[in-house]
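Read off the chains here:
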Amino acid sequence: MKNHSFLTPGILALGLLLTGCAGESTSDTSNEGGEDSTQISFIHWRGEDKAVLDDIIAQFEEENPDISVEMTIYPSEQYQSTGQRLLQDGSTGDVFTSFPGAQFEAIASAGLFEDLSGEDFVSNFDEELITVGQKDDAQLALPYQLVFNMPVYNKGMFEELGLEVPKSWTEFQEMADTLLENDITPIAFPGADIGPNQFMNSMMMNNAPDEDIFEKLQNGEETLTNEWWVKTLEDFQLLEQNGYIQDDALGTSQDSAMAMVANEEAAMLATGSYHMSALLGLNPDLQLDLMAPITVEESEAVYEGINTATFMLAVNSQSEKKEQAKEFIAFLSQPEIASQYANETGQHLTVNDVEYESEVLQNTAYWIDERTTRFQPRFLITNAQIEAAVLGSIENVLGGADPMTAAEEAQQLVDENRE
Amino acid sequence: MKISKSIYLFFLPGLLLYTLFFVYPTVSALFYSFTDWDGLSQSFQFVGIDNYERAFTGDTIFRKSIGNNLKFMLVVVVFQTLVALAFALIVLKNNKTTIFLRALYFFPTILSSVSVAFIWSFIYDPSLGILNQLLELVGLGFLAQNWLGNADIAIYSLAVTQVWFHAGQMLIIFVAGLQAIPDELYEVAKIEGANKWQTFRTVTWPLLAPSATIVIAYTTIQSFKAFDLVFAMTGGGPNNSTEIVATYIFDIAFRSYQFGYASAISVIFMIIIAIITFLQFKALRSDRISY
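Residues numbered from 1 in each chain as written. Chains lettered and ligands numbered in written order. Predicted model: local features only at pLDDT ≥ 70, side-chain atom pairs only at ≥ 80, totals over all residues. Heavy atoms only, no water.

So, on to the sheet that holds strand E10 (residues 185–188) of chain A. Residue and element names in this part refer to chain A. The four strands lie next to each other as E10-E11-E9-E12, forming an open sheet whose pairing is mixed. On the outer flanks of this sheet lie E10 and strand E12 (288–290), each paired with one strand and no other. The sheet shows a mean angle of 30° between the axes of neighbouring strands, direction not considered. Sheet analysis places E10 next to strand E11 (residues 266–269), joined by three bridges and oriented parallel. Counterpart to Ala 188 in the pairing with E11 is Leu 269. The strands touched by helix H6 (residues 169–181) within the sheet are E10 and E11, with E10 carrying the most contacts at an inclination of about 110°. (Pairing = 2+ DSSP bridges. Helix = DSSP H or I, 4+ residues; strand = E, 2+ residues; numbered from the N terminus. Axes fitted to C-alpha atoms, helices over the stretch in contact; angles between N-to-C directions. Contact = heavy atoms within 4.5 Å.)

What follows is the structure, given as structure tokens:
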């Protein structure tokens, strides 16, 4: 093993450059007046949360006059490419965030997560929803947001047409046929961007109820040419061939797909709960709820939906201000602060005792406790190249390929990239 | 004349910048290409030539991305050069109209890649996009396509955007080259009875070769490095059909955390660009003449 501390000057130079790149989205809320205050750096990717986080940071600084917070927001891709690289020398990202899955695994392998096990504020979170931030019995990160990565549907439209939420694949197809008869596209699928990686979760959740399926795929015990994935691809093919998703779906962006649902040209948006607020912004008259396609018969269905605990808060193990960083996470996990964040961003949270005020959050909160959801399978693929192969096979089928051929091609890529 | 040694100090700032921003990253990439560094950890192991072996023998997507890059490069080099040259010939003379047109053609170049990607993603949108609607309007609806969603044509759709984006820049180089050709040569060609095509072939093109060399070489390098446009418009999809080497390197380095392997691909990529550029220079140099 080699140590490459000689890289520090290069990384610092890169860091200076990249910090410059993120300058426009930097929010410095530091208390410049307090000479004795310790400034901590908080980095993340959610530009849309800037206003509410600025306000929360101001409250934190008022309550903790000896600590100031400099928040830097990177666009999502830039966060992956540059933001987390700055964690290495400990000068940036005393508090940082991570996605579950490949990103979490990589940061954990690099030893950049401070172990938060045993901290008092951990008990502020729902213990069942924070397991995704655990590794080797240590609580390395605390997921803050809880999203449901399953289609959003127009409940009002369903009621008007006398449709009920389908409980089986047969019922789903009958429902889709009724919508088509009424000149409504059943599913708006944003295939040009996030469609495949979101919709694959609910499409496969009951075809492969084994939650270790992707772990087995990665270690060679399973293949994509087996029934569970070929059936999933066949189901996608059926959606495309029967017109249950719009024409040219692979060229449709999420904005276009959202417009279809907002204009009531389509009944479902194949993304997730995080788009409900935006849909209501486009058409406040919509009545929305969540619904995942059940791709098996009712008696075989194990899951009703998909959840993802994400935006995982963490403390940088290289930081020299760990205690102050933990204070900030503790503050974010207070129910009243979390409630403010939830209601102003339109997100469910993993924090206990959050009070949801918005109608859409209240109406869908039953998915947290009353429905059987499973953690987003895609995030259980810890090898990004294998994830790309899996998603590529969906795009391949929607582009006209035979499901088995697409599965075989994807399996070849899996074999090439298996570690 | 004796040159003071202190003059060498003037080289220092440039040399320092060149070393910091070119030599150091290049040598670093070469160094890491022999390691399994993940880009985050403090340590790594040397893996010899494993990364290179993987790139050449065990990576389907890398080979596909080179193929996509060559398709993209060929379309862009041919069409960008021809479009820029054609427009340069149109706006060659200096008058108010041509100066305005030069500015108009140059305009896309000053836009940011993300803006261009946004504009063209909208143009190409299969349902809301202007292109398909325009085709429908003029009775050519049968030509309407899923421009970025069809794996067979998406890379060419991106190439068209790239040509639109950068042709204006190349036009300026051609205009400068054309204006440097002495009028006397055209007068001689006229006296000799050469027609327009003969004049272009025997006078304009040979004397334009230095500009064409710059345009073609620069366009080649630019199209190989067209990361931002591709990344913003398709992200390499659908199903890797628009994955080019630059986007693939990003994926490997920053999504898969295989910095060592990404460095190896970068080194191979650098060598491929160097070879193609060298061959182009050599081919185009043979076209040059001097009077």
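On to the nonpolar core. Ranked by internal contacts, the top residues of the largest apolar core, which has 78 residues, are Met175(A), Phe214(A), Trp229(A), Leu239(A) and Val390(A). By residue number, the principal contributor to this core is helix H12 (residues 259–285) of chain B, which donates 11 residues. If we skip the residues at most four places from it in the chain, Phe214(A) touches Met200(A), Met204(A), Trp228(A), Pro377(A), Leu380(A), Ile381(A) and Val390(A). Among the nonpolar cores identified, the runner-up in size contains 62 residues, and Phe42(A), Ala141(A), Phe328(A) and Ala330(A) belong to it. (Core = buried A, V, L, I, M, F, W, Y, C linked by side-chain atoms within 4.5 Å. Buried < 20%, exposed > 50% of the residue type's maximum accessible area, 1.4 Å probe, protein only.)

Taken together, the contacts link 38 residues of chain A with 39 residues of chain B. Contact between chain A and chain B buries roughly 3,300 Å² in total, counting both sides, with carbon and sulfur atoms accounting for 52%. Inspection of the chain A/chain B interface yields zero salt bridges. Counting the contacts that link chain A with chain B gives 10 residue pairs in polar contact (both at pLDDT 80 or more). Only strand E1 (2–3), helix H1 (8–21), helix H3 (76–81), helix H4 (102–109), helix H16 (384–398) and helix H17 (403–417) of chain A provide two or more residues apiece to the side of chain A that touches chain B. Of all the elements, H16(A) adds the most residues to the side of chain A that touches chain B, at six residues. Residues that form the side of chain A that touches chain B fall into these classes: 13 nonpolar, 19 polar and six charged. (Buried area = accessible area lost by both parts, 1.4 Å probe. Salt bridge = Lys/Arg side-chain N within 4 Å of Asp/Glu carboxyl O. Polar contact = N/O pair within 3.5 Å; in protein donor to acceptor, adjacent residues only side chain to side chain. Nonpolar A, V, L, I, M, F, W, Y, C, P; charged D, E, K, R; others polar.)

This part is about empty space enclosed by the protein. Residues and elements named next belong to chain A. Going through the model one piece at a time under the given rule, you end up with one cavity of 30 Å³ or more. A volume near 60 Å³ is recorded for the largest cavity. What lines the largest cavity is simply Leu 146, Val 147, Ser 273, Met 276, Ser 277, Gly 346, Gln 347, His 348, Val 360, Leu 361 and Thr 364. Listing elements by their share of the lining of the largest cavity, those giving two or more residues are strand E8 (142–147), helix H11 (276–282) and helix H14 (359–364). For the lining of the largest cavity, the element with the most residues is H14, which contributes three residues. Residues that form the lining of the largest cavity fall into these classes: five nonpolar, six polar and no charged. Residues from two domains meet in the lining of the largest cavity; each of domain 1 (5–145 + 308–365) and domain 2 (152–291 + 383–417) gives at least three. (1 Å grid on protein atoms, 1.4 Å probe; cavity = no way out; pocket = protein on both sides within 12 Å on 5 of 7 lines; lining within 4 Å. Points joined across faces, edges and corners; volume = space filled by probe spheres on them. Domains from an automatic or database assignment.)

With that settled, consider the domain arrangement of chain A. Residue and element names in this part refer to chain A. According to the domain assignment, chain A contains domain 1 (5–145 + 308–365) and domain 2 (152–291 + 383–417). With centres defined by C-alpha atoms, the gap from domain 1 to domain 2 works out at 31 Å. Counting residues at the interface gives five residues for domain 1 and seven residues for domain 2. With both chains or domains summed, domain 1 and domain 2 bury close to 510 Å², and 63% of this area falls on carbon and sulfur atoms. It is Ala 102, Val 360 and Thr 364 that lose the most area in domain 1 upon contact with domain 2, and together they represent 66% of the buried surface on that side. On the surface where domain 1 and domain 2 come into contact, there are zero salt bridges. Viewed at the interface, domain 2 and domain 1 are joined by zero residue pairs in polar contact (both at pLDDT 80 or more). Counted by class, the side of domain 1 that touches domain 2 contains two nonpolar, three polar and no charged residues.

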